[in-house]
Amino acid sequence: MKIKNIFRRFFTHKHGVLNGDIAIIGSGSWGTALAKIIMENEDQIWWYVRNQKTIDDFRLSGHNPRYLTSLKFDCERINFSTDIDEIVRQCGILILVTPSPYLKDLLLSIHEPLKDKFLVIATKGIVPGDNTVWSEYLRTSLNVPEDNICVLSGPSHAEEVAFGRLTYLTVGCSNVQKGKSIAEVIYCPYVRPVLSRDVDGIEYAGVLKNVYALCAGIALGTSLQSGGERGAGDNFQAVLMANAAREMETVLTAINPIRRRIQDSVYLGDLLVTGYSQFSRNRLFGTMIGRGYSVKAAQMEMSMIAEGYYGARCMHDICAKRTIIAPILETVYDILYNHADPAATIAALSKVMR
C-alpha cells in the first residue's frame, strides 16, 4: 500500500487533465486483459464489441466467451455496445485494441468527431495500405491533435495479465501530463507504468518485434521439421534475438532519429517476450510456417491474428523506400511473400549474423 500511495502521488489525480469515461474498442484477448486492468481503478467502463451475440453470451456467463474465458467480470459495471458512434459519443478516452487489419475500417466508419477525444493506441501493427503507424495516421488522416494521442506497449502477454502476473507497460505520449493520467488509470498491484515521449518509435518497435518473433518461430519450426537433430536451437535463438535488437535500433534510428535506449523494456523486453514466450501468437505462426504450413493453413488454424504477417510486408516497403538494410526482416518477407524455402533462407540468414 505504501508503494501504491507513493506512485499515485508521483502521477496525477484520477484522469488528471483528461475528461470523460473510458472505452475499450475491441474484444480480443488483449482488449479483455486491458478491461481487467482498468476495472481495477474505474467504477465502470464502456466496451465496444462488434457482435451482439458475444455481448449476450458475455453477460450470461460473466466472462468473454472467446478469449481469456477464465477471467470473470462484473458485467453490471460494463456498458457494452455494438454501436461505435454511441461509444465515441459517451466517452472521452478511447483505448484502441482492434487488430490492425480491421482498425482502419472501423475508424473510418465513425461519424462522431474524434479531435476532442483522447486516443490510446494499444494495438501493434501498421495501417493497412498506408505503410505508417497508427499515431501518424490519426494525426494526418483523421486530424487528431498530437497531444490527444498515446501509445500503450511493452512486454505484456494478455494471458499473464489475466493471471495477475507482474507486467510493465510503457505509456508513450508527447504530452507528459496526459501520459501521467493514463499511467494512473492502468496502475494496479500487477501493472507498473513507464513513461516515454517516443510515440512513433514505440509503435514501430511493436511492429518489428512481431516480425522478429515470426522469424524465431520459423527457425524453431525448421529445426522441429528436421527432427531437432540439426537446424536452429536455443543457441541460435539467442543470437537471433541479439541481432534483432541491433536491427530494430538501426530501423528506428533511420525512421525517427531521436535518442532512445534500445535496452528499455518497451523495445528489448517486448522483443524478448514475443520471441521466446509460449503465449506468443507470432512465434506460433512462424513455427507452423517453418514446419511446412502454408500461410493460409497457418492462419486458418490460429484463432488469433498474427500481426507480424502483415507487419513484414509493410516494414519491407518502408525499409525499401528508405534504403534501410534489415536482413532479418527481409528473411521473413521472402519466406512469407516470395515463398522462399524456410530452412534454406534461415540458413542463409545465419551466415550474416554475429
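Everything numeric in this text was worked out from a predicted model, so none of it was measured. (Residues numbered from 1 in each chain as written. Predicted model: local features only at pLDDT ≥ 70, side-chain atom pairs only at ≥ 80, totals over all residues. Heavy atoms only, no water.)

## Some remarks on the environment of glutamine 90
Reasoning step 1: Position of glutamine 90 among the secondary structure elements: in helix α4 (residues 84-90).
Reasoning step 2: Accessibility expressed as a relative area gives 40% for glutamine 90, which makes it partly exposed.
Reasoning step 3: Separated by 29 residues in the primary sequence, glutamine 90 and serine 61 place their C-alpha atoms 26 Å from one another.
Reasoning step 4: For glutamine 90, the contacting residues outside a window of four places in its chain are Asp21 and Trp46. (Helix = DSSP H or I, 4+ residues; strand = E, 2+ residues; numbered from the N terminus. Buried < 20%, exposed > 50% of the residue type's maximum accessible area, 1.4 Å probe, protein only. Contact = heavy atoms within 4.5 Å.)

## Observations concerning the nonpolar core
Reasoning step 1: The biggest cluster of nonpolar side chains holds 79 residues, and the ones touching the most others in it are Leu107, Phe285, Met315 and Leu336.
Reasoning step 2: With 13 residues, the top contributor of residues to this core is helix α9 (residues 199-225).
Reasoning step 3: What phenylalanine 285 contacts, discounting residues up to four positions off in sequence, is Leu214, Val295, Ala298, Gln299, Met302, Ala306, Tyr309 and Leu336. (Core = buried A, V, L, I, M, F, W, Y, C linked by side-chain atoms within 4.5 Å.)

## Quick look at helix α11 (residues 265-276)
Reasoning step 1: Along α11, the positions that sit buried rather than exposed are Val266, Tyr267, Gly269, Asp270, Leu271, Thr274 and Gly275.
Reasoning step 2: Looking at the packing, one finds that the buried side of α11 touches β6 (149-153), β7 (167-173), α9, α10 (234-255) and α12 (281-290).

## Quick look at the pairing of strand β3 (residues 78-81)
Reasoning step 1: Sheet topology note: the strand β2 (residues 45-48)/β3 ladder contains four bridges and is parallel. Across the sheet, tryptophan 47 pairs through a bridge with phenylalanine 80, a residue of β3.
Reasoning step 2: For the crossover that starts at β2, traverses helix α3 (residues 52-61) and ends in the parallel β3, the hand is right-handed. (Pairing = 2+ DSSP bridges. Right-handed = clockwise from strand over helix to strand, strands pointing away.)

## Some remarks on empty space enclosed by the protein
Over the atoms, a rolling probe the size of a water molecule traces out where space has been left empty.
Reasoning step 1: For the structure shown, the criterion picks out four cavities of 30 Å³ or more.
Reasoning step 2: Of the pockets and cavities examined, the largest cavity occupies roughly 50 Å³.
Reasoning step 3: Along the walls of the largest cavity sit Thr123, Lys124, Gly125, Val151, Ser153, Ile202, Glu203, Gly206 and Val207, which together make up its complete lining.
Reasoning step 4: Here the lining of the largest cavity gets four residues from one element, more than from any other, and that element is α9.
Reasoning step 5: For the lining of the largest cavity, the per-class residue count stands at three nonpolar, four polar and two charged. (1 Å grid on protein atoms, 1.4 Å probe; cavity = no way out; pocket = protein on both sides within 12 Å on 5 of 7 lines; lining within 4 Å. Points joined across faces, edges and corners; volume = space filled by probe spheres on them. Nonpolar A, V, L, I, M, F, W, Y, C, P; charged D, E, K, R; others polar.)

Any functional reading would require information beyond the geometric quantities listed.
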